[in-house]
Amino acid sequence: MIDAQAKLVYQLNKYYTERCQARKAAIAKTIREVCKVVSDVLKEVEVQEPRFISSLSEIDARYEGLEVISPTEFEVVLYLNQMGVFNFVDDGSLPGCAVLKLSDGRKRSMSLWVEFITASGYLSARKIRSRFQTLVAQAVDKCSYRDVVKMIADTSEVKLRIRERYVVQITPAFKCTGIWPRSAAQWPMPHIPWPGPNRVAEVKAEGFNLLSKECYSLTGKQSSAESDAWVLQFGEAENRLLMGGCRNKGLSVLKTLRDRHLELPGQPLNNYHMKTLLLYECEKHPRETDWDEACLGDRLNGILLQLISCLQCRRCPHYFLPNLDLFQGKPHSALESAAKQTWRLAREILTNPKSLDKL
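Residues numbered from 1 in each chain as written. Predicted model: local features only at pLDDT ≥ 70, side-chain atom pairs only at ≥ 80, totals over all residues. Heavy atoms only, no water.

**Side note on the overall build of the protein chain**
Rules: Labels follow the DSSP assignment, with helices taken as runs of H or I lasting at least four residues and strands as runs of E lasting at least two, numbered in each case from the N terminus. Restricting the calculation to C-alpha atoms gives the radius of gyration, and the globule rule supplies 2.2 Å times the number of residues raised to the power 0.38. Burial status follows relative accessibility: with a 1.4 Å probe on protein chains alone, a residue under 20% of its type maximum counts as buried, one over 50% as exposed, and anything between as partly exposed. Using a 1.4 Å probe, accessible areas were evaluated by the Shrake-Rupley method; residue-level cover was limited to the displayed protein chains. We count Lys and Arg on the positive side and Asp and Glu on the negative side, and we leave His and both chain ends out. Taken as the charge location is NZ of Lys, CZ of Arg, CG of Asp or CD of Glu.
Per the secondary structure count, the protein chain includes 9 helices and 11 strands. The C-alpha atoms of the protein chain give 21 Å as radius of gyration, which agrees with the globular expectation for 359 residues (21 Å, within 12%). Put simply, the protein chain has 359 residues, and 50% of those count as buried. For the protein chain, the computed accessible surface area is about 17,000 Å², with 52% contributed by carbon and sulfur atoms. Separation of charge centres in the protein chain, based on 50 positive and 42 negative side chains, amounts to 2 Å.

Next comes the structure, spelled out in structure tokens:
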């Protein structure tokens, strides 16, 4: 048994070196190319409207505020200033979302975003995005990369197509630090020893983002109040939880397997599902020794089996917001074919580790 485990770890390490590192290098190159264009567009936006200041910056060869959705799809978060005059309200009525309400006694005129405040005193995510979309459309026509960048129509999101190959969504957002959402109050579960009180304190201090984008749980039934809502996002907190052991290496392998074998019609699976299941696996295996290099094979098998189970039940709860289902709105047939394909993949890796050479 030990021998089989060692063989699998050897093959996974080889896979990581050959496939995952190549994927990372290719994506890094794409990011540099894409960010040049996006920065240029945002520079034009800022000239027209100084409230939208580009926060896209390169730190230690990583772009702050850039999320890789897939090798050809990216999201850039544009952090806005001055959320201060608003109260953060998340009463659970909109899973995965919250609203920003003008604090009592504060005058609208005190806000930098005065014209985007609704009659009932909410800062409208939709109105800000709509204004931003108009500015980006104008900037695309003026910027020095106008020959290679186009706005994608038929969406309320701000999406650019670059060189006909890449899609970048630019999302206005507020950074929230020093508070923690009520809808995530159940985390961490009292009976689960991971991640431990010090890490929990760090994660909560890291805070979360409020994004102006269409919300998973609202598609198809948006009232005006709902379209004013902001989407909760915990990217930095999640990254902090995945530090240490072979967690990030495991995530890299899962993303590479997904890109190569689980990019299916109806797009049932994205890399965020992989990240979410990895976080649940950390809870199931709370000891640091469970994440030694030698355990990489066991952890990945556990995650792939959990993924099959989620696909079959057609439910994948968000790690911090369990009332939010990450499979909401995905076609059942797509989830079913993803379950079959994941099963084939898991069986192949488990019964014949050498098959990773071909995967």
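Right, picking up where we left off after that structure.
**Some thoughts on helix α9 (residues 332-351)**
Since there are 3.6 residues in each turn of an α-helix, residues three or four apart along the chain are aligned in direction. Note the following rule: By this rule, a helix spans an expected 1.5 Å times one less than how many residues it contains.
Taking 1.5 Å of rise per residue, the 20 residues of α9 would be expected to cover 28 Å, and the 28 Å separating its terminal C-alpha atoms lies within 8% of that figure. Along α9, the residues that are buried comprise Ala 334, Leu 335, Ala 338, Ala 339, Gln 341, Thr 342, Leu 345, Ala 346 and Ile 349.

**Points about the pattern of salt bridges**
We count it as follows: In the sections that follow, a salt bridge refers to a side-chain nitrogen of Lys or Arg positioned within 4 Å of a carboxyl oxygen of Asp or Glu.
The final tally for this structure, using the stated rule, is 26 salt bridges. When the shortest N-O distance is used, the salt bridge between Glu 238 and Lys 275 registers 3.3 Å. In this pair, Glu 238 is assigned in helix α5 (residues 235-241) and Lys 275 in helix α7 (residues 271-284), connecting sequence segments 37 residues apart. Judged by relative accessible area, which is 1%, Glu 238 ranks as buried. Relative accessible area serves as the criterion here: at 6%, Lys 275 is assigned to the buried category. The salt bridge involving Arg 287 is made with Asp 290; its shortest N-O contact spans 3.2 Å. Note on Arg 287: relative accessible area 56%, which makes it exposed. Here the salt bridges share partners, and the residues they tie into one network are Arg 23, Arg 258, Asp 259 and Glu 263.

**What about the UniProt feature "domain: Mab-21-like HhH/H2TH-like" (unreviewed entry) in the protein chain?**
Rules: UniProt positions are given in the numbering used here, feature names are shortened, and annotations may be inferred rather than shown by experiment.
The feature "domain: Mab-21-like HhH/H2TH-like" (unreviewed entry), as given by UniProt, occupies residues 246-343 in the numbering adopted here. Secondary structure within residues 246-343 divides into 60% helix and 0% strand; the distance between the first and last C-alpha atoms comes to 23 Å.

**Here we look at the packing of aromatic side chains**
Condition: Only Phe, Tyr and Trp rings take part, Trp by its six-membered ring, and two of them pair if their centres are within 6.5 Å. Stacked means planes under 30 degrees apart, edge-to-face means over 60, and tilted covers everything else.
Counted by the stated rule, this structure contains 15 aromatic pairs. Centroid distance Phe 52 to Phe 132: 5.0 Å. Interplanar angle 35°. Geometry classified as tilted. Taken together, the residues Phe 52 in the loop between α1 (2-48) and β1 (57-59) and Phe 132 in helix α2 (residues 125-142) connect sequence positions 80 residues apart. When its relative accessible area of 0% is taken as the criterion, Phe 132 is described as buried. Look at Trp 113 and Phe 174: their rings are 6.5 Å apart centre to centre, the planes differ by 85°, and that puts the pair in the edge-to-face class. Separated by 61 residues along the polypeptide, Trp 113 in the loop between β6 (97-102) and α2 and Phe 174 in strand β9 (residues 166-176) bring together distant segments of the chain. With respect to burial, Trp 113 and Phe 174 carry one shared label: buried.

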